[in-house]
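A structural walkthrough
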Amino acid sequence: MELNHRYWIAFNMTSGIGASRARLLIDKFGTPEMAWNASDDALMESGLDKRTLSMLLHNRKVLDLEAACNAIDAAGLHVLTWDSENYPRNLRKVSNCPPVIFTRGEIKEQDDFSVAIVGTRTPTAQGRETTKMICDGLARKGVTIVSGLARGVDAIAHDTALNAGGRTLAVLGFGMDNMYPDEHTELAARVATQGALVTNYPLGTTPDSKNFPARNRITSGLALATVVVESLDAGGSLITAKYALEQGRDVMAVPGDIFSAYSRGTNELIKNGAQPVTSAEEIMARLEEIWDDFARNEG
């Protein structure tokens, strides 16, 4: 593990220090190591709120950083930070992207050409078949499928990409030493061999509903666009779509039966400007346009 990663990990394990506060500390002290080792007085003058400052000062005294890093190495995880050259390009473009992410498996440069496929945990028969059709077609054309390893559409998206010989990234709302739901343990292991499991949460973090919005934000941030297959009129897939819009990414949705509760979310997205899509070919065409725009803007 790189030496500088140790201090990024220390901040990642300190409650209250997310992207904005990490940026504040880096801007003031220059590096994570210098920030972590700054004097109490200097930290008090850094601009941190009282609660976060208290947590930081406490964690500096009690955190066994050597043991924490050894545990990460023993778990076979890769650590990517703002300093890492191989930090995912799409995610780096997101305002306040996570300072630290952990991966099991490898995120590759080809995974920049990716799409998030999300939807309800209880899809209809049509929703399941639609997810399979779309993900199979995209995976066979070299598109990396990003999703959240949840039941329903997420799991179908990952499984279909794997079966098609494609790549897939699964974003978790908990630490890598936990798995939720339990029945996805085998699927997660397969994802790690043909892509990567990704989380911004340290080891020991258990599944909790408050963690999943951050998971959704990373899911949309890793992808060029987000496609919602089926959704009720509220839920995680719509949160992911909202984050995609905030990040300046495209949102697409599969139109559905106006009498089905599982089409309310997607139909509403389309009414509000999301691109309606019914095939992998339509999604692929738009991804290629986005990719060309990215290339021109970076050139």
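Residues numbered from 1 in each chain as written. Predicted model: local features only at pLDDT ≥ 70, side-chain atom pairs only at ≥ 80, totals over all residues. Heavy atoms only, no water.

Summing up its helical and strand segments, the chain has 14 helices and nine strands in all. Here the C-alpha radius of gyration of the chain, 20 Å, is about what a compact globule of 299 residues would show, namely 19 Å. In the chain, buried positions account for 54% of the 299 residues. For the chain, long-range pairs separated by at least 24 residues make up 70% of all intrachain contacts whose partners lie at least 6 apart in sequence. Here the chain carries 30 positive and 38 negative side-chain charges, and the mean point of each set is 3 Å from the other. (Helix = DSSP H or I, 4+ residues; strand = E, 2+ residues; numbered from the N terminus. Rg over C-alpha atoms; globule rule 2.2 N^0.38 Å. Buried < 20%, exposed > 50% of the residue type's maximum accessible area, 1.4 Å probe, protein only. Contact = heavy atoms within 4.5 Å. Lys, Arg positive; Asp, Glu negative; His and termini not counted. Charge placed at Lys NZ, Arg CZ, Asp CG, Glu CD.)

Below, the discussion takes up the nonpolar core. The biggest cluster of nonpolar side chains holds 57 residues, and the ones touching the most others in it are L25, L43, L91 and L197. Core analysis: the next-biggest nonpolar cluster, separate from the first, contains 26 residues, I134, V143, A225 and V229 among them. (Core = buried A, V, L, I, M, F, W, Y, C linked by side-chain atoms within 4.5 Å.)

Turning to the environment of A261, a few remarks are in order. Among the secondary structure elements, A261 is positioned in the loop between β8 (250-253) and α13 (264-271). Judged by its relative accessible area of 26%, A261 falls in the partly exposed class. Residues A261 and I156, spaced 105 residues apart in sequence, show a C-alpha to C-alpha distance of 20 Å. Other than its neighbours up to four places away in sequence, A261 contacts S231 and L232.

Turning our attention to the layout of surface pockets. Considered as a void within the structure, the largest pocket measures approximately 660 Å³ in volume. Lining the largest pocket are 28 residues, and of these N12, I17, G18, N200 and Y201 lie nearest its centre. Only α1 (3-12), α2 (19-29) and α11 (212-222) provide two or more residues apiece to the lining of the largest pocket. Residue composition of the lining of the largest pocket, by class: 16 nonpolar, ten polar and two charged. There is about 210 Å³ of room inside the second largest pocket. Of all elements in the fold, only α11 and α12 (236-246) reach the threshold of two or more residues within the lining of the second largest pocket. Split into classes, the residues belonging to the lining of the second largest pocket amount to four nonpolar, ten polar and four charged. (1 Å grid on protein atoms, 1.4 Å probe; cavity = no way out; pocket = protein on both sides within 12 Å on 5 of 7 lines; lining within 4 Å. Points joined across faces, edges and corners; volume = space filled by probe spheres on them. Nonpolar A, V, L, I, M, F, W, Y, C, P; charged D, E, K, R; others polar.)

Okay, the side chain of N211 next. Inspection of the secondary structure assignment puts N211 in the loop between β6 (195-199) and α11. Here N211 falls in the buried class, since its relative accessible area comes to 5%. Look past the residues within four positions of N211 in its chain and what remains in contact with it is G173, Y201, T205 and T206.

On to empty space enclosed by the protein, then. Tallied over the full model, the rule gives one cavity of 30 Å³ or more. In this structure, the largest cavity occupies an estimated 60 Å³ of space. Lining the largest cavity, in full, are R121, G148, L149, A150, R151, F174, Y180, P181, F212 and R215. In terms of residue class, the lining of the largest cavity is built from six nonpolar, one polar and three charged.

Attention now moves to the pattern of salt bridges. In the structure shown here, the tally under the stated rule is 14 salt bridges. K210 is the salt-bridge partner of D208, the closest N and O atoms lying 3.6 Å from each other. Note on D208: relative accessible area 29%, which makes it partly exposed. Residue classification places K210 among the exposed positions, given a relative accessible area of 63%. Here E246 and K242 are joined by a salt bridge, their closest N and O atoms 3.4 Å apart. Of this pair, E246 and K242 both sit in helix α12, separated by four residues, roughly a single helical turn. Under the relative-accessibility criterion, K242 is labelled partly exposed at 40%. In the salt-bridge network here, residues are joined through shared partners; they are D250, R286 and E289. (Salt bridge = Lys/Arg side-chain N within 4 Å of Asp/Glu carboxyl O.)

It is worth spelling out the packing of helix α9 (residues 153-163) against helix α10 (residues 185-193) at this point. What describes two packed helices is the angle between their axes and the distance between those same axes. Where α9 meets α10, the closest approach of the two axes is 10 Å, and the angle between their N-to-C directions is 45°. As the angle between them shows, α9 and α10 are arranged oblique. The way α9 lies across α10 gives a crossing that is left-handed. Here A155, H158, D159, L162 and N163 of α9 lie close against α10, whose contacting residues are L187, R190 and V191. Of the residues assigned to the contact of α9 with α10, the class counts are four nonpolar, two polar and two charged. (Axes fitted to C-alpha atoms, helices over the stretch in contact; angles between N-to-C directions. Parallel < 35°, antiparallel > 145°, perpendicular 65-115°, else oblique. Left-handed = near helix turned anticlockwise from the far one by under 90°.)

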